[in-house]
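Structure assessment
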Amino acid sequence: MPPETTIRILPESISCQIAAGEIVDRPASVVKELLDNSLDAGSSMIMVDVVEGGKRLIRVTDDGEGMTRADAQLACQRFATSKLSSIEDLLSISTFGFRGEALPSIAAVSKFRLVTAKKDESVGTLLIADGGPVSSVEDHASSPGTRIEIKELFFNTPGRQKFLKSTATEFSHMCHVVQQAALARPSTHFRLTHNNHVVFDFPAVGSLQDRLLQLYGTKLMDLMLPIEFERGAVTVQGIAIHPYHTRTSRTPQEIFVNGRSIKNSTISHAMYEAYGSFLPKGRHPVFAILLEIDPREVDVNVHPSKREVKFSEPDVVHRVVKEAVRRQLQRKSAMLPTEDLHIQEKGWTHQPKSFVDQRGFSGQDAKGGSSVDRDQSSGEMATSSGASKKVVQLFSQDNHEDGVVHEARASYGLDPDYTVRVLGQMSLTYIVAQVGEEFHVVDQHTVHERVLFERLWRSWLEKKVQSQALLIPEPVDVQPHTAALLQSALPELASLGLEMEPFGESAFVLRSVPALLGQMDYAALVQDLVDDLTEWKSLDSIEKRIRPILASMACQGAVQAGRAMVEPEMKLVLEDWVKEGFPMTCPHGRRVTMRFSMDELHRIFRRI
Ligand SMILES: Nc1ncnc2c1ncn2[C@@H]1O[C@H](COP(=O)(O)OP(=O)(O)O)[C@@H](O)[C@H]1O
Ligand SMILES: [Mg+2]
C-alpha cells in the first residue's frame, strides 16, 4: 500500500477552473482571448455578436486560417499552443497568445461550441464542451475560419456568476475590448453587435490614423495631436489630447506595446509628466499611444491574461514616451495664441460683447483708468497684523483630491467692496491684478469657472435656470455604450437648462444650453457630462448628483487658458469673483489665485 499523503495533484477539470479564474473574469475577457486568437490566425474580418452584455451569448467569427480537426481537439487542452515550442521563442514572441490556456479555461466555465475549417477542407469540425473537456467531435459545414460560441458563461461556477455586473456595465467592458483589438489591427475589419443591433462596424483601413478616426470620430480627433516619434529602438505613434482640452475622466487612455493592449505605470507616468503644468488638478490627458520596441526588451509573460508587460529598461521607455509627447505639446502650445484667436470660432474672445451683456457689463463700469489711480495711492493695509501667516496658509490650501467637487466652498473672506485693478494678462493664462491692497495672480480659467458655477448653482436652487436655444442645434456623438446612460439622464439635464434629444443609435442633438454659459465646445461638455453620469448611480442625494454636472458645465463654459482677454473682461470676471466672496478654488478644487498682501511684499523687499 502506498504511504498516505495529504497532497494531491489536482484533476485537470479543477485546475482548468482555477486557471479560468485568472484568465476569464468577465465576458469581456473571454472576448479579448478570442480576439487575440482570431488575430493570431491572420483574420481579415472578425465579427463579435453578444447578447445581454455577453452573459447570455458571446460569438466570435473569423475568416482566419482555421484548424484541422486534430489541432482543434488539441487546442482545447491545457498548455496546447501552436505559437511557442521552446523557451527561446518566448523571448521574441510576436503573437498575442502563447500560454495555451485560453480555450480550455473558457470551455471549463461555459457551454462551448467551436466550429472550424481550413481553407482547403470541404467539411469542417464541430467541438462541443459543456463546462469541462470536449464531449463531442462532429463533422460540420463551415466556411474557412473559426467560429466560437460561448453560452451561459459561469453556469457551473455560481460564485463567479454572482460577480457579474449589469448588462450595461459588462457590455461597456466588451466594447472597450473590441475597440482595443481594432486599434491594434487597422487592417482587420471589426464588427460588434449587441442583442442583434450593430454597435459598430469598422471596415479595414490602411493606417492607424484612419482607425482612430473610426473609433473616436472627427470631433475628438480634432482635439488630438498626432504623435510620431522614434528614438533608438523605440517607436511611438498615436494621438494625445491638445493640452487645453484635457478632461475630467481618464477615458480613453490606451497603451499598446507591440500591438498588445496593456496597463503600464511607466508609460502612464511618462504621459502625465509630458503634460506637466498643462494639466490642471483634476484634469487628465486622453490618448492612444502605440509603442514598437524590440520584443527582446519586453517581457510579456508577467500576467496570466497578458495585460501587463515588463521592460528591461523602463527608464529608456519613460524618457522616449515623455519626449515624444512633450515635443508635440510644446510645439502646439507655442503656436496657440494666434491659432486660437483666428481659427477657433467658438472662442470666448470672439464674444466679448455677449460675455459683457450676459453679465450686465455696461459702459459706465469701464472706468478702469480712474480707479487705478485711486487704488495706487492708498497703502494702509501694509501693516495689517497676521497677514503673512495667512499667506502661508493660503499657499498650502490646495491639496484636494482629484476630480472631487467641493461641497463647501472655502473663501478668502476679504472685503467684497475691494476695487479691482487689472495690471495685465500673462502668458494668456493668468490675470495679474491688484485687488484692494493685494497683489494677485489669478488663473483665468479657474476664476471664471468658479463664478459660473456659483451662478448656476444659485439659479438651480431658485429653480430659475434659464436656457437659451442654440440657433443651430448641435449634433453630438457619444460612445455607443454610454448612449443609454445619457438617455436616462435627459430629464434631469433638461432641468439644468441643457436640452438634448436622441438622434439615431448613439448620437444626440443639443437644442439648448444654460443661458449663463454662452458659446463653448459642446462636444467636450457632453463628454464631461457622460463622465459624470458614469458616477451618477452611486450618488445618493440629488444635490450630490447636480453639483458635478454644474461643475462640468462651468468648466466647459469658462474661458480656457490660452485665450487672450481684454482688460474689461478681466476686470469683470475678477469683480464677479469678489462679489461671490473670493472663493479660493474652482469646484474641482484647483487654486484660483496666488496673493500677496502689501505686508508680504514689504517683507520680501525688506521694507519692514
Ligand atoms: N480562431 C482561431 N483560429 C485558428 N486557430 C486557433 C483559433 N483559436 C485558437 N486557435 C489555435 O488554438 C491554440 C490554443 O489557443 P489558446 O488556448 O488561446 O492558446 P494560445 O493562444 O495561447 O496558443 C492556438 O495556439 C491556435 O493554434
Ligand atoms: Mg490565445
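First, a word on scope: everything that follows refers to the structure included in this document. Here the structure is a predicted model, which is why all the values come from computation and not from measurement.

Rules behind the numbers
Residues numbered from 1 in each chain as written. Chains lettered and ligands numbered in written order. Predicted model: local features only at pLDDT ≥ 70, side-chain atom pairs only at ≥ 80, totals over all residues. Heavy atoms only, no water. Patch = residues over 30% accessible without salt bridge, like charges linked within 9 Å, V, L, I, M, F, W, Y side chains within 5 Å. Areas by Shrake-Rupley, 256 points an atom, 1.4 Å probe, with all protein chains shown as cover. Salt bridge = Lys/Arg side-chain N within 4 Å of Asp/Glu carboxyl O. Helix = DSSP H or I, 4+ residues; strand = E, 2+ residues; numbered from the N terminus. Core = buried A, V, L, I, M, F, W, Y, C linked by side-chain atoms within 4.5 Å. Buried < 20%, exposed > 50% of the residue type's maximum accessible area, 1.4 Å probe, protein only. Contact = heavy atoms within 4.5 Å. Near = heavy atom within 4 Å. Polar contact = N/O pair within 3.5 Å; in protein donor to acceptor, adjacent residues only side chain to side chain. 1 Å grid on protein atoms, 1.4 Å probe; cavity = no way out; pocket = protein on both sides within 12 Å on 5 of 7 lines; lining within 4 Å. Sits in = over half its atoms within 2 Å of the grid points. Pairing = 2+ DSSP bridges. Axes fitted to C-alpha atoms, helices over the stretch in contact; angles between N-to-C directions. Phe/Tyr/Trp six-rings, centres within 6.5 Å; stacked < 30°, edge-to-face > 60°. Lys NZ or Arg CZ within 6 Å of the ring centre and 35° of its normal. Points joined across faces, edges and corners; volume = space filled by probe spheres on them. Nonpolar A, V, L, I, M, F, W, Y, C, P; charged D, E, K, R; others polar.

A contiguous nonpolar surface patch, about 270 Å² in accessible area, is contributed by Leu10, Ile14 and Ile18. Counting through the fold element by element, Leu10 comes out in the segment before α1 (12-23).

Turning our eyes to something else, we now look at the nonpolar core. Generally speaking, nonpolar side chains in soluble globular proteins are found buried as a group. The biggest cluster of nonpolar side chains holds 93 residues, and the ones touching the most others in it are Leu35, Phe112 and Val236. It is helix α7 (residues 167-184) that provides the largest number of residues to this core, a total of nine residues. In contact with Val236, not counting residues within four places along its chain, are Ile227, Glu228, Phe229, Ile289, Leu290, Leu291, Val320, Val321 and Ala324. Residues Leu493, Val513, Leu525 and Ala554 belong to the second largest nonpolar core, which totals 34 residues.

Let us now look at the site of ligand 1. Near ligand 1 you find 20 residues, and of these Asn37, Thr81, Ser82, Lys83 and Gly100 are the closest. Taking Asn37, its side chain carries an N or O atom lying 2.8 Å from an oxygen atom of ligand 1. Isolated, ligand 1 exposes 530 Å² of accessible area, and the fraction of that covered by the protein chains is 95%. Because more than half of its atoms lie within 2 Å of the grid, ligand 1 is assigned to the second largest pocket. Among the elements that make up the shell around ligand 1, the one with the highest residue count is helix α5 (residues 102-108) (three residues).

Taken together, the three strands give an open sheet; going across it, the order is β19-β21-β20, and neighbouring strands pair in antiparallel fashion. Of all the strands in the sheet, the pair left with one neighbour each is β19 (467-477) and β20 (499-502). Ignoring strand direction, the axes of neighbouring strands in this sheet form an average angle of 20°. Sheet topology note: the β20/strand β21 (residues 507-514) ladder contains four bridges and is antiparallel. When the bridges of β21 are listed, Met500 appears paired with Leu510.

All told, the structure shown has 27 salt bridges when counted by the stated rule. For Arg327, the salt bridge identified is with Glu323, shortest N-O distance 3.3 Å. Here Arg327 pairs with Glu323, and both are found in helix α10 (residues 314-342), just four residues apart, close to one helical turn. Across the pair Asp576 and Lys579 runs a salt bridge whose closest N-O atoms are separated by 3.8 Å. Of this pair, Asp576 and Lys579 both sit in helix α18 (residues 567-579), three residues apart, which is roughly one turn of that helix. Taking relative accessible area as the criterion, Asp576 reaches 2% and is therefore assigned buried. Accessibility expressed as a relative area gives 63% for Lys579, which makes it exposed. Here the salt bridges do not stand alone but share partners, grouping Asp49, Arg59, Glu149, Lys151 and Arg191 into one network.

Moving on, we come to the packing of aromatic side chains. Here a ring pair, both rings aromatic, is described through the centre-centre distance and the interplanar angle of the planes. Inspection of the entire model under this criterion finds five aromatic pairs. Seen from their ring centres, Trp577 and Phe582 are 5.1 Å apart, and the 75° between their planes marks the pair as edge-to-face. Comparing Trp577 with Phe582, the two get one shared label, buried. Of the aromatic side chains, those joined through ring pairs into one cluster are Tyr418, Trp577 and Phe582. Above the face of the Phe98 ring, Lys306 is positioned so that its terminal group lies 6.0 Å from the ring centre. Arg547 extends its terminal NZ or CZ atom over the ring of Trp457, reaching a point 4.4 Å from the ring centre.

The subject of this paragraph is the layout of surface pockets. Here the second largest pocket is characterised by a volume of approximately 650 Å³. Looking at the second largest pocket, it is lined by 32 residues, and the ones nearest its centre are Asn37, Met67, Ala75, Ser82 and Lys83. At the level of elements, α2 (27-40), β2 (57-62), α3 (69-75), α5 and β6 (145-151) are the ones that each hand at least two residues to the lining of the second largest pocket. For the lining of the second largest pocket, the element with the most residues is α2, which contributes five residues. For the lining of the second largest pocket, the per-class residue count stands at 14 nonpolar, eight polar and 10 charged.

If you trace the backbone, Pro186 turns up in the loop between α7 and β7 (189-194). Separated by 24 residues in the primary sequence, Pro186 and Asp210 place their C-alpha atoms 7.9 Å from one another. In contact with Pro186, not counting residues within four places along its chain, are Ala204, Val205, Ser207, Leu208 and Arg211.

The sheet contact formed by β7 and strand β8 (residues 197-202) spans five bridges and is antiparallel. In the strand pairing of β8, His194 is matched with His197. In textbook terms, the turn of a hairpin is the stretch between consecutive antiparallel strands, and for β7 and β8 this stretch comprises two residues, one of which, Asn195, has a positive phi near 45°.

This part is about the pairing of strand β1 (residues 45-51). Here β1 pairs with β7 via six bridges, running parallel. The partner of Val50 across the bridge, within β7, is His194. When β1 meets β2, the two strands line up antiparallel, connected through six bridges. Of the residues in β2, the one forming a bridge with Val50 is Ile58.

The omega torsion across Thr251 and Pro252 is -5°, close enough to zero to call that bond cis. A positive phi angle, near 50°, is found at Glu152, a position not held by glycine. Locating Glu152 in the fold gives a position in the loop between β6 and α6 (158-161). Residue class for Glu152 comes out partly exposed when judged on its relative accessible area of 36%. Residue Leu428 is not a glycine yet carries a positive backbone phi of 55°.

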